[in-house]
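Results of the structural survey
In case you want the letters, here they are:
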Amino acid sequence: MPGYAPNATFHCIALFGRLRGRRVWINASVRLVTSDHLENLLHENRHFPPSPEFAEQANASVAMYAEAVGDRMAFWDEQAGRLSWEKRWGTTLDWSNAPFAKWFVGGRINVAVNCVDRHVADGFGDQVAIHFEGEPGDTRAITYRELQDEVSQAANALTALGIEAGDRVAIYLPMIPEAVISMLACARIGAPHSVVFGGFSAEALRSRIDDAEAKLVITSDGGYRRGAPFPLKPAVDEAVADAPTVENVLVVRRTGGEVVWTDKDVWWHELVGSQSTTHDPEYFDSEHPLFILYTSGTTGKPKGILHTSGGYLTQTSYTHNVVFDHKPGKDVYWCTADVGWITGHSYIVYGPLANRATQVLYEGTPDTPHKGRWWEIIEKYRVSILYTAPTAIRTFAKWGREIPNEFDLTSLRLLGSVGEPINPAAWIWYRNVIGGDRCPIVDTWWQTETGAIMISPLPGVTATKPGSAMDPIPGISAVVVDDEGKRVGRSEGGYLILDEPWPAMLRGIWGDNERYVEQYWSRWPDVYFAGDGAKYDREGHIWLLGRVEDVMNVSGHRISTAEVESALVSHDAIAEAAVVGANDDTTGQAIVAFVILRVHADVSEGTVEDIRSHVAKEIGPIAKPKRVMVVNELPKTRSGKIMRRLLRDVAENRSLGDVSTLADPNVMALISDGLNGPSADDD
Ligand code: WTA
């Protein structure tokens, strides 16, 4: 039997279960098979080379790969030169105290000045920085000059509240311009921010405030979601009630809803509105902390990923330029993430603003007031670059192409994806229905910890393959290795590692250096282990296979959940799929698939059997799901990552584990309902 390893051993290791934005330690019994590799079963041979027209005008060039390999430090020096420094750095990288890096040593920089003031000074004050689109339909166009005024006012207000360089500020806001302004104001005065996603609970907010010892919280009365106002302030009241470090709460008025007022509270419009619109920026060391972003949850201590200034801004600016092919003053850019996630930090705030982007900021959900809202926004602002997540793309595919087809999407010229592997079927749908078969797609792999994009095609250079993030970008080294840390060959799989430091890398875990080393640098000596499985295809390009704990082991075959999900989603009747390995007496693990059918799917009694045969045909009989469960919803985190752990509980008939990080707490009940629908057991 191919892939069968008689020497397979079981290790009980502590794994890191990632619930995006919150990650928890889980103890899992995982089969680590020495000298065995992930089965490389799914074959995808379609190539999409760039059009000559796109290639001709592209920011990226094929020469960059060789340049970066030739002299990596000189390459990064050149990228740092995109920014405006008060004092130039000396050494590019100090790695003498590995894994604690210093980039652009001795350089002095102000991140907010780079994102705002210098564009005004260069004569672009009238260019729109942000087209804000509120969910209820209210809009605001904010030029770079207005942004400079408001960031200066906010910086003055923070100083008036006693915030100094180095003090931590928690930001708990909806997707409104004040979120961006607050982050930039913090950066301007050197106060690291800790943005907490507005969907998190009071308890989650409280643990993050405590860990960072935040002195100030910036929040709002509420925001709008799904057509109705929701309150935010009560969660803050609860979180700061006995938080000793918090001196003030700065409150933006967004909904006008009633709020309970405490003596720590200050209205944004009163304090910020009355400040001077000029502010003299101070310059900070390249390694000055810029922000902390938490990625862990209620189980265990929250883990604050620390990012600093010069290196982070260099790599976010560089990647936003070459990966999105952004042309300042011409493109209209839209990243649909929330500022509460790393994608919002790096590709709404820092990268795009450093590059003088004009961008859309949307407060609400894709289906309010109708399912065409995103396409309407693209048509309205003539958006040319769209950056979103596979979960959104699959949802739109489920709703049907008729909806986007009603809108004029011809302004789009590039599409991006991030957050999880994008199945070839979703990729093709995105390219065809949204991109009109003309837009290159960049499938970008990176993490909160990496700070910026690491693996991605370069538009205009790379011939893309649907489902593959392709290659490390110039300047980055990422390798797929086996259990011993040795690079695997083509058509083989293993673990994705980063074996060279990079400018936007995390500088540690806030207040816990030991955990930083243990968590990321201890699996193999001197390399960063990203926690993801990956494989090389026959041509040597990288395919991400999800977190290593999402790898199944069926009769000694290591099969990735992503591959089986891809095969499922390529079946006509299926809109979305999640696959887990459930304990099985015979095969070690058995594949259990949870599928959502397309709205217009033609379902008959044979459908489930047909789905199973389809997977067998696409991948091989070994990957045929033992059970297929038709459900109405899948359990997801608030940022759209499927919580396979809960599905595993269902598949193994256990009571459910912690559901507190679910976006929709009712979803597990819906799944149980859905399970009463058609399903099939193995023959
Ligand atoms: C996953 C999001 C496949 C991966 C920027 C990673 C991806 C985790 C991709 C980080 C991609 C992100 N293809 N998987 N293009 N992008 N991931 O910290 O498992 O929220 O480790 O950062 O998302 O999630 P995080």
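Residues numbered from 1 in each chain as written. Predicted model: local features only at pLDDT ≥ 70, side-chain atom pairs only at ≥ 80, totals over all residues. Heavy atoms only, no water.

**Comments concerning the sheet that holds strand β25 (residues 508–509)**
- A sheet is described by the order of its strands in space; here eight strands give the open sequence β14-β13-β10-β8-β9-β16-β17-β25, paired in mixed fashion. Looking at strand neighbours, the two that pair on one side only are β14 (265–267) and β25, the edges of this open sheet.
- The sheet contact formed by strand β8 (residues 169–172) and strand β9 (residues 193–195) spans three bridges and is parallel. Across the sheet, residue valine 169 finds its bridge partner in β9, namely histidine 193. (Pairing = 2+ DSSP bridges. Helix = DSSP H or I, 4+ residues; strand = E, 2+ residues; numbered from the N terminus.)

**Quick notes on the packing of aromatic side chains**
- Per the counting criterion, the structure on display carries 37 aromatic pairs.
- Both rings, one in phenylalanine 291 and one in tyrosine 350, keep their centres 6.3 Å apart while their planes meet at 5 degrees; by these two values the pair is stacked. You can see phenylalanine 291 sitting in strand β16 (residues 289–294) and its partner tyrosine 350 sitting in helix α11 (residues 342–354), a full 59 residues away along the chain.
- Overall, the relative accessible area of 0% leaves tyrosine 350 in the buried class.
- Through successive ring pairs, a cluster of aromatic residues spans Phe75, Trp76, Trp85, Trp89, Trp103, Phe104 and Tyr318.
- Above the plane of the ring of phenylalanine 200 lies arginine 208, whose end atom (NZ or CZ) is 4.9 Å from the centre. (Phe/Tyr/Trp six-rings, centres within 6.5 Å; stacked < 30°, edge-to-face > 60°. Buried < 20%, exposed > 50% of the residue type's maximum accessible area, 1.4 Å probe, protein only. Lys NZ or Arg CZ within 6 Å of the ring centre and 35° of its normal.)

**What to know about the confidence of the model for the protein chain**
- In this model, the protein chain carries a mean pLDDT of 88, and residues with pLDDT of at least 70 account for 90%.
- Note that residues 1–37 has pLDDT below 50 and, in this model, 115 contacts with residues that lie over four places away or in other chains.
- In the predicted structure, residues 676–683 sits below a pLDDT of 50 and forms 16 contacts with residues beyond four places in sequence or in another chain. (pLDDT = per-residue confidence, 0-100. Contact = heavy atoms within 4.5 Å.)

**Considerations on the pattern of salt bridges**
- Per the stated rule, a full pass over the model turns up 32 salt bridges.
- A salt bridge links arginine 373 to glutamate 133, with the shortest nitrogen-to-oxygen separation between them at 3.0 Å. Here arginine 373, found in helix α12 (residues 373–381), pairs with glutamate 133, found in strand β6 (residues 128–133); they are 240 residues apart in sequence, far enough to count as distant.
- Among the ionic pairs, lysine 233 bridges to aspartate 237, the shortest N-O distance being 2.8 Å. Taken together, the positions of lysine 233 and aspartate 237, both in helix α8 (residues 233–240) and four residues apart, correspond to about one turn of that helix. Side by side, lysine 233 and aspartate 237 carry an identical accessibility label, which is buried.
- A single salt-bridge network, built from bridges that share partners, covers Glu133, Arg373, Glu376 and Lys380. (Salt bridge = Lys/Arg side-chain N within 4 Å of Asp/Glu carboxyl O.)

**As for helix α5 (residues 144–160)**
- Taking 1.5 Å of rise per residue, the 17 residues of α5 would be expected to cover 24 Å, and the 24 Å separating its terminal C-alpha atoms lies within 8% of that figure.
- Summarising burial for α5: 12 of the 17 residues are buried, a large majority. (Expected span 1.5 Å × (residues − 1).)

**Re the packing of helix α4 (residues 111–124) against α5**
- Where α4 meets α5, the axes come as close as 9 Å, and the angle between the chain directions of the two elements is 140 degrees. Between α4 and α5, the angle falls in the class oblique. Relative to α5, the crossing made by α4 is left-handed. Residues Cys115, Val116, Asp117, His119, Val120 and Phe124 of α4 pack against Tyr144, Arg145, Leu147 and Gln148 of α5.
- Residue composition of the contact of α4 with α5, by class: six nonpolar, two polar and two charged. (Axes fitted to C-alpha atoms, helices over the stretch in contact; angles between N-to-C directions. Parallel < 35°, antiparallel > 145°, perpendicular 65-115°, else oblique. Left-handed = near helix turned anticlockwise from the far one by under 90°. Nonpolar A, V, L, I, M, F, W, Y, C, P; charged D, E, K, R; others polar.)

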